[in-house]
Amino acid sequence: MAKKELIRVRVNGRDREAEVEPRLLLVHFIREVLALTGTHVGCDTSHCGACTVVLNGKTVKSCTAFAVQADGGELLTVEGLMKDGKLHPLQEGFKEEHGLQCGFCTPGMLMSSYALLETNGHPSEEEIRWGISGNLCRCTGYQNIVKAVQYAAGKAQGATR
Amino acid sequence: MITKTSPEVGGMGHSLKRKEDLRFIQGRGNYVDDVHLPGMVHGQLVRSPYAHARLKSINTEKAKKLPGVLAVITGEDLAKANLAWMPTLFFDKQMVLATGKVLFQSQEVAFVVAEDRYTAADAAELVEVEYEELPVLVDPHKSLEPGAPVLREDREQKDNHIFHWEVGDRQATDKVFQNAAVTANVHAFFQRCHPAPLETCGCVADFNSATGRLTVHLTSQAPHAHRTLFAIVGGIPENNIRVISPDIGGGFGNKVPIYPGYVCAVVASLTLGRPVKWIETRSENLQSTGFARDYHMTAELAASREGKIQGLRVKTLADHGAFNAAAQPTKFPAGLFSICTGAYDYPTAFCEVDGVYTNKAPGGIAYRCSFRVTEAAYLIERAVDVLAQELKIDPAELRRKNFIPKAKFPYKSPLGWSYDSGDYESAMKLALEKVGYAELRKEQAEKRKKGELMGIGISSFVEIVGAGPSHTFDIAGIKMFDSCEIRIHPTGKGICRMGTKSQGQGHETTYAQIVAQELGIPAADITVEEGDTDTAPYGLGTYASRSTPVSGAATAMAARKIREKAKKIAAHLLECSADDLEWETGKFFVKGAPSKAKTIQEIAFAAYTNHPQGMEAGLEAVDYYDPPNLTFPFGTYICVVDIDTGTGEVKVRRFVAVDDCGNVINPMIVDGQIHGGLTEGLAIAFMQEIAYDENGNVQGGSFQDYLLPTAVETPHWETDKTCTPSPHHPLGAKGVGESPNVGSPAAFVNAVVDALAHLGVKHVDMPIAPWKVWSILKEKGVVS
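Asks: Got a minute to help me understand the overall build of chain A in this structure?
Replies: In terms of helices and strands, chain A carries 5 helices and 5 strands. Along chain A, helices and strands appear, N-terminal first, in the series β-β-α-β-β-β-α-α-α-α. When its C-alpha atoms are laid out on the principal axes, chain A stretches across 50 × 30 × 25 Å. Within chain A, the proportion of its 161 residues that are buried is 57%. Of the contacts made within chain A by residues no fewer than 6 positions apart, 58% connect residues no fewer than 24 positions apart.

Asks: Even after reading the chapter, I still don't get the overall build of chain B, so can you show me in this structure?
Replies: Within chain B, the secondary structure is distributed over 19 helices and 33 strands. Radius of gyration (C-alpha) of chain B: 27 Å, near the 28 Å computed for a compact globule of 784 residues. Oriented by its inertia axes, the alpha-carbon framework of chain B measures out at about 85 × 75 × 50 Å. Each of the 784 residues in chain B was classed as buried or not, and the buried ones make up 60%.

Asks: Can you walk me through the interface of chain B and chain A in this structure?
Replies: The figure often quoted for interface size is the accessible area lost as the parts come together. Across the contact, 41 residues belong to chain B and 41 residues belong to chain A. Among the elements that make up the side of chain B that touches chain A, the one with the highest residue count is helix H17 (residues 667–686) of chain B (6 residues).

Asks: Would you mind going over the nonpolar core with me for this structure?
Replies: In a soluble, globular protein the nonpolar side chains are often hidden away together inside. If you look at the biggest cluster of nonpolar residues, it comprises 309 residues, and the most contacted ones within it are Leu 97, Val 112 and Val 515 of chain B. Residues contacting Val 515 of chain B, with those up to four places away along its chain left out, are Ile 486, Gly 494, Cys 496, Ile 521, Ile 526, Thr 555 and Ala 559 of chain B.

Asks: Could you clarify how one ought to interpret the packing of helix H15 (residues 547–574) of chain B against helix H16 (residues 600–609) of chain B in this entry?
Replies: Relative orientation and spacing of two packed helices are given, respectively, by the angle between their axes and the distance between those axes. Residue and element names in this part refer to chain B. It is at 9 Å that the axes of H15 and H16 come closest, and there the two elements cross at 85°. Relative to H16, the element H15 lies roughly perpendicular. Every residue of H16 that contacts H15 at Ala 566, Ile 569, Ala 570 and Leu 573 is listed here: Ile 600, Ile 603, Ala 606 and Ala 607.

Asks: Would you take a moment to explain the domain arrangement of chain B for this structure?
Replies: All names here are of chain B. Structurally, chain B comprises domain 1 (21–28 + 482–625), domain 2 (32–134 + 200–248 + 255–288) and domain 3 (291–467 + 629–779). A C-alpha centroid distance of 38 Å is found between domain 1 and domain 3. Contact residues are listed per partner, giving 17 residues for domain 1 and 19 residues for domain 3. Within the residue set of the side of domain 1 that touches domain 3, elements represented by two or more residues are helix H14 (507–519) and H15. Residue contributions to the side of domain 1 that touches domain 3 peak at 7 residues, all from H15. Of the residues assigned to the side of domain 1 that touches domain 3, the class counts are 8 nonpolar, 8 polar and 1 charged.

Asks: What am I meant to see in the domain arrangement of chain A here?
Replies: Residues and elements named next belong to chain A. Annotation of chain A at the domain level lists domain 1 (5–80) and domain 2 (89–160). Between domain 1 and domain 2, the residue contacts involve 15 residues of the former and 12 residues of the latter. For the side of domain 1 that touches domain 2, the elements supplying multiple residues, two or more each, are strand E3 (52–55) and strand E4 (58–61). If you tally residues by element for the side of domain 1 that touches domain 2, the top one is E3, at 3 residues. In terms of residue class, the side of domain 1 that touches domain 2 is made up of 6 nonpolar, 8 polar and 1 charged.

Asks: Would you explain helix H1 (residues 26–33) of chain A in this entry?
Replies: Residues and elements named next belong to chain A. The buried count for H1 comes to 6 of 8 residues, which makes it a mostly enclosed element. Burial in H1 covers these residues: Leu 26, Val 27, His 28, Phe 29, Ile 30 and Arg 31. Elements in contact with the buried residues of H1: strand E2 (14–20) and E3. Ala 35 sits one or two positions beyond H1 and adopts a positive phi of about 60°.

Asks: So what exactly am I meant to see when it comes to the sheet that holds strand E7 (residues 108–114) of chain B here?
Replies: The strands that make up a sheet are held in pairs by hydrogen bonds between backbone atoms, and each pair lies either parallel or antiparallel. All names here are of chain B. Overall, mixed pairing links the 7 strands, which are arranged E3-E7-E1-E14-E11-E12-E13 in an open sheet. In this open sheet, the two strands that pair with only one neighbour each are strand E3 (69–74) and strand E13 (241–244). Each strand of the sheet is rotated relative to its neighbour by a mean of 20°, with strand direction disregarded. Bridge analysis of strand E12 (residues 213–218) against E13 gives 4 bridges, and the strand direction is parallel.

Asks: Help me out: how do you make sense of the environment of Cys 661 of chain B in this one?
Replies: Take Cys 661 of chain B: it is sitting in the loop between strand E32 (650–660) and H17. Separated by 104 residues in sequence, Cys 661 of chain B and Asp 765 of chain B have C-alpha atoms that sit 29 Å apart.

Asks: Can you walk me through the packing of helix H10 (residues 373–391) of chain B against helix H18 (residues 739–756) of chain B in this structure?
Replies: Residues and elements named next belong to chain B. At a minimum axis distance of 8 Å, the contact between H10 and H18 shows a crossing angle of 30°. In terms of orientation, H10 lies roughly parallel with respect to H18. Crossing of H10 against H18: the hand is right-handed. Judged by residue contacts, Val 373, Thr 374, Ala 377, Tyr 378, Glu 381, Arg 382 and Asp 385 of H10 engage Asn 741, Val 742, Gly 743, Pro 745, Ala 746, Val 749, Asn 750 and Val 753 from H18. Considered class by class, the residues forming the contact of H10 with H18 number 8 nonpolar, 4 polar and 3 charged.

Asks: What is the right way to look at the sheet that holds strand E6 (residues 101–102) of chain B in this model?
Replies: Residue and element names in this part refer to chain B. Judged by pairing direction, the sheet is antiparallel, and its 3 strands sit side by side in the order E6-E2-E8 without closing on themselves. At either margin of the open sheet sits one strand with a lone partner, and together these are E6 and strand E8 (128–133). Where strand E2 (residues 53–59) lies against E6, 2 bridges are found, and the strand directions are antiparallel. Paired with Arg 54 across the strands is Lys 101, a residue of E6.

Asks: Help me understand H15 of chain B in this model?
Replies: Every α-helix carries 3.6 residues per turn, so stepping three or four residues along brings you back to the same face. Taking 1.5 Å as the rise per residue, H15 of chain B with 28 residues should run 40 Å; its terminal C-alpha atoms sit 38 Å apart, in good agreement. Glu 575 of chain B occupies a position one or two residues after H15 of chain B and carries a positive phi of about 50°.

Asks: Got a minute to help me understand the pairing of strand E29 (residues 593–599) of chain B in this structure?
Replies: Looking along a regular strand, one sees side chains alternate from face to face of the sheet. Residues and elements named next belong to chain B. Bridge count for strand E28 (residues 587–590) against E29 is 4 bridges, and the pairing is antiparallel. When the sheet's bridge partners are listed, Phe 588 is paired in E29 with Lys 598. The antiparallel hairpin formed by E28 and E29 contains 2 residues in its connecting segment, where Gly 592 sits at a positive phi of about 80°.

Asks: Just checking my understanding: could you explain the confidence of the model for chain B for this structure?
Replies: Close inspection of predicted coordinates is inappropriate for parts of the model with low pLDDT. Per-residue confidence for chain B averages 97 on the pLDDT scale, and 100% of its residues sit at or above 70. Overall fold confidence (pTM) sits at 0.98, and the ipTM for the predicted complex is 0.98.

Asks: Which parts of the structure should I look at to understand the environment of Leu 117 of chain A?
Replies: Residue and element names in this part refer to chain A. Mapping Leu 117 onto the fold places it in helix H3 (residues 106–119). Along the chain, Leu 117 and Val 53 lie 64 residues apart, while their C-alpha atoms are 14 Å from each other. Those residues in contact with Leu 117, other than ones at most four positions away along the chain, are Ala 152, Ala 153 and Ala 156.

Asks: What exactly am I supposed to notice about the environment of Cys 723 of chain B here?
Replies: Residues and elements named next belong to chain B. Looking at where Cys 723 falls in the secondary structure, it is placed in the loop between strand E33 (718–721) and H18. For Cys 723, a count of 14 C-beta atoms within 10 Å puts it in the partly exposed group. C-alpha of Cys 723 to C-alpha of Ser 288: the two residues are 435 residues apart in sequence and 40 Å apart in space. Here Cys 723 is in contact with Asp 660, Gly 662 and Asn 663, once residues within four sequence places are set aside.

Asks: Explain unusual backbone geometry to me, please; I cannot follow it from the model alone.
Replies: Most peptide bonds take the trans configuration, and most residues that are not glycine carry a negative phi. Residues and elements named next belong to chain B. Cis geometry is adopted by the peptide bond preceding Pro 410, which originates at Phe 409 and carries an omega value of -5°. Structurally, Pro 410 is set in the loop between helix H11 (395–402) and strand E19 (411–412). With an omega of 10°, the peptide bond between Gly 468 and Pro 469 qualifies as cis. Relative to the helices and strands, Pro 469 resides in the loop between strand E21 (453–462) and strand E22 (474–475).

Asks: How do you make sense of the pairing of strand E26 (residues 526–529) of chain B when you look at a structure like this?
Replies: Residues and elements named next belong to chain B. Here E26 shows a clear split, with Ile 526 and Val 528 buried on one side and none of Thr 527 and Glu 529 buried on the other. Sheet topology note: the strand E25 (residues 494–498)/E26 ladder contains 4 bridges and is parallel. Counted as the bridge partner of Ile 495 is Thr 527 from E26. After leaving E25, the chain enters H14 and then returns to the sheet as E26, a path that is right-handed.

About the thresholds
Residues numbered from 1 in each chain as written. Chains lettered and ligands numbered in written order. Predicted model: local features only at pLDDT ≥ 70, side-chain atom pairs only at ≥ 80, totals over all residues. Helix = DSSP H or I, 4+ residues; strand = E, 2+ residues; numbered from the N terminus. Buried ≥ 20, exposed ≤ 12 C-beta atoms within 10 Å, placed from the backbone. Contact = placed C-beta atoms within 7 Å. Rg over C-alpha atoms; globule rule 2.2 N^0.38 Å. Core = buried A, V, L, I, M, F, W, Y, C linked by C-beta atoms within 7 Å. Axes fitted to C-alpha atoms, helices over the stretch in contact; angles between N-to-C directions. Parallel < 35°, antiparallel > 145°, perpendicular 65-115°, else oblique. Domains from an automatic or database assignment. Nonpolar A, V, L, I, M, F, W, Y, C, P; charged D, E, K, R; others polar. Pairing = 2+ DSSP bridges. Left-handed = near helix turned anticlockwise from the far one by under 90°. Expected span 1.5 Å × (residues − 1). pLDDT = per-residue confidence, 0-100. Right-handed = clockwise from strand over helix to strand, strands pointing away.

Spelled out as structure tokens, the structure:
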């Protein structure tokens, strides 16, 4: 076993540190070291996006990144979306628009949608479809996920008016 | 007629938001890989790189020496406990860990257990296996040739043939064909697909040596049946086994069978006395677990010149891979494939299926399909289009001419099914109007003049779902009923426990809506719990669209039992005869005096605090529902495609889906099911195949090669409904989850063939990748 490295990561607004094997995948750091199991593994090869998290403002497929690469970074996972006990508009949108069925892809979808709305507050349907194209869903056919993202975008727009 | 409740009660027909969503959107679901137990260790399978090879030796010494490794289990070890083989769900057996030889690439050869998953993976690499390659069979036709190597040396029968099954009247059908004015035929290969739920299969087996109890957290669509099979195969007393199926990240049939990894984890936990987690990788899932289809089919239709169909003849070769691990009712080796006569009325049909072994992963399971119904619907809907092409009759017109008329239901099909209800013409009419069929045909004619390719594909499918009845249907001997137990608490809230298990279908919401409908207790006040065999009543599980037809019916029946008892309590409280009471949603009142009433909540409280002397306390009921017949959902799907003549790329311009699943419990959820199933159908039609090269190497073993559509390729689905209730289901419902996957492949393929028909193209096999279309265009001289 290789020598462990100490890493420090700010996760959902909290500073966390741990000694990890250099080969430990970021997703296993999140799921098993931090016990945040909302981030899922669906394919191990970065195709499905169930493991998507936001690292330093950008989406990362955490099954294909090492935990040590997140050292010193700021990480947002699905568990960090709620603020002050209130659902994020995207979480609300997914529920209101039936944007999920089995729920396995949902955390990754939420994180990709979050990153999309951070850079483009008013995406078109096509932009939403491209924005979540790195995330696979087997249940919904995406139609209601698109509506869920539109719901959240609409809500944000309403709030800034 | 179903009386609609208020939205607050949220009975049938309300698009209630789903109860289960709150935990999933917060990342608080509990999937099997989220289960973490004290002292838990990790298992990893060693798999064969060869499709067919003699096992010369297995050396586990190096692996065992790796620090952190706790055990390495081989087939020889399992053989000592008589567990090297296990029965499949279909009269065959399957190796848990290989002994003697391996029969498909990725077959399970050894199981390594270590303190953590990284060490387990390291150790798996250190297991040294010596193989001697044997000749490989990947083509089922070649499996049947004389002199073909016998794959299954363990069988008495020394060839690769598994079964022959036939149904219908061969002689009468042959005669119809001899005298037919017109015949049409199609050879259609429904390629090997994989359900590929986003969550792979896995388990945590936890044997407690102090209590002697085994708890298995399992990705299971059928937890009770799995408990019984663990008891029978493993010899563990059934009361000492608890199967917990936690949140399931999609199933689609993939999580019906028992896989070697589960058995190995159980054995390892029994041996080590520690919880053992085993989770598949995606490649393991695609390469070794239950595949679907792989049917080489021929259909012939006999008809008059006017286009009246007179008979159907079907011959099929079924590739089951190395072991017949089909998950279907035992009387039906080809499942419900005999629904292949479809939506059409003709007197005679004959269907025969032969199953064979090849060096491929074992199966075939029903991928979002009620046991081979998808293959059947695809075949007949393709054949009807070929006949239309031959007769130069519009495919919609030919269908209309041959539909079973509405007045003929219940309809006895030539292959023996009794269709409960249907109105096929209305569904097609609505779909044609919605898509603007006449205008599209005009546009197509215009485009053809300009050399542009556009096609319209119709599929008017019929499904057969909701097995039992128990006199005809069983899985591994267990009758196909299903169950619901309802307990109403003193304060008028309640819990429902079910024999089924949701994998995303929204059961926690829809079953609560059925209780709300029947008892007037708001759906919000009803908790639905599934998947724990210690608490739920026995049931066969969720697959083959059977939850609503069977457990949904059980829920209604259990609720009605509760209502009967509630009536007696109400009579006691109102000091009147039960005969003087009438029910309206949520309360009993005295006939002619509506102010004298007791609500269901008041009655529930009295059931525990003030029930009549001599009556048992409490307000509970359980129902084991044995359906009198299956239900037959149907619909018409119409797909419009444009083909890029430069690249061969097919673009789905529009897709209209008109479904009829009888009375609907939650329209929002039904629409969601349709969207998802159509997307899976799209993938099958255009992208997916688990193909093998001549050496038996899997060509679709990761999401790099086995494609799932993204949001970009997926079109916007247009859905609509007609409603023809099931006459025998207590709620008039039929089941819907699989219709879109069953009905859509033919619509996609019919659209592509329609676009190419004027070039003389009669059929294109799925998956219709751009290169395939481009090759046809090249052959026909459309591209140079």
